[in-house]
Amino acid sequence: MENIKKEKSEDNLFESFALKIDRDVSREELLSKFNFIKNSFEFGEIIRAKGIVNTKNGKEQFDYTLSEINMQKIAYRGETVISFIGTNLNKEKIKKFFL
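Values in this document were obtained by computation on a predicted structure and should not be read as measured data.

Caption draft 1: Spatial organisation of the pairing of strand S4 (residues 58–65). Sheet analysis places strand S3 (residues 45–55) next to S4, joined by eight bridges and oriented antiparallel. Its bridge partner lying in S4, threonine 55 is registered against glycine 58. By the bridge criterion, six bridges tie S4 to strand S5 (residues 68–73) in an arrangement that is antiparallel. Of the residues in S5, the one forming a bridge with phenylalanine 62 is methionine 71. In this antiparallel pair of consecutive strands, S4 and S5, the connection spans two residues.

Now the structure itself:
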């Protein structure tokens, strides 16, 4: 599943990109990856991400902003996916980095 949507907001062009992810992901891995991304412009400028991922504790929902990541266990049986929101998103680099 990949989906790119562009929305014009004043002078900024925001995009969203959804990536299906079928492997287990820890909070530490997500935090490490997002900290790396926010200091590198080769992925575009990711200002927010959210999604549902498989963890060793089951499915968890997460919300990421530039300053924090929050995760909570949820009862969910659907697909696991991460949605990225930002500008000039490099979807190929993001896919390779997270998959």
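Past the structure itself, the notes keep going.
Caption draft 2: Spotlight on the packing of aromatic side chains. As enumerated under the stated definition, the model contains ten aromatic pairs in all. Summarising the aromatic geometry, the rings of phenylalanine 34 and phenylalanine 98 are spaced 5.4 Å apart at their centres and angled 45° between planes, so their arrangement reads as tilted. With phenylalanine 34 in helix H1 (residues 27–38) and phenylalanine 98 in helix H2 (residues 91–98), the pair connects residues that are 64 residues apart, well separated along the chain. For phenylalanine 34, a relative accessible area of 0% puts it in the buried group. For the pair phenylalanine 43 and phenylalanine 97, a centre-to-centre distance of 5.0 Å together with 50° between the ring planes defines the contact as tilted. With a gap of 54 residues between them, phenylalanine 43 in the loop between H1 and S3 and phenylalanine 97 in helix H2 connect regions that are remote in the sequence. With relative accessibility at 3%, the residue phenylalanine 43 sits in the buried group. The aromatic ring of phenylalanine 98 is capped on one face by lysine 33, whose charged end is 5.7 Å from the ring centroid.

Conventions and cut-offs
- Residues numbered from 1 in each chain as written.
- Predicted model: local features only at pLDDT ≥ 70, side-chain atom pairs only at ≥ 80, totals over all residues.
- Heavy atoms only, no water.
- Pairing = 2+ DSSP bridges.
- Helix = DSSP H or I, 4+ residues; strand = E, 2+ residues; numbered from the N terminus.
- Phe/Tyr/Trp six-rings, centres within 6.5 Å; stacked < 30°, edge-to-face > 60°.
- Buried < 20%, exposed > 50% of the residue type's maximum accessible area, 1.4 Å probe, protein only.
- Lys NZ or Arg CZ within 6 Å of the ring centre and 35° of its normal.

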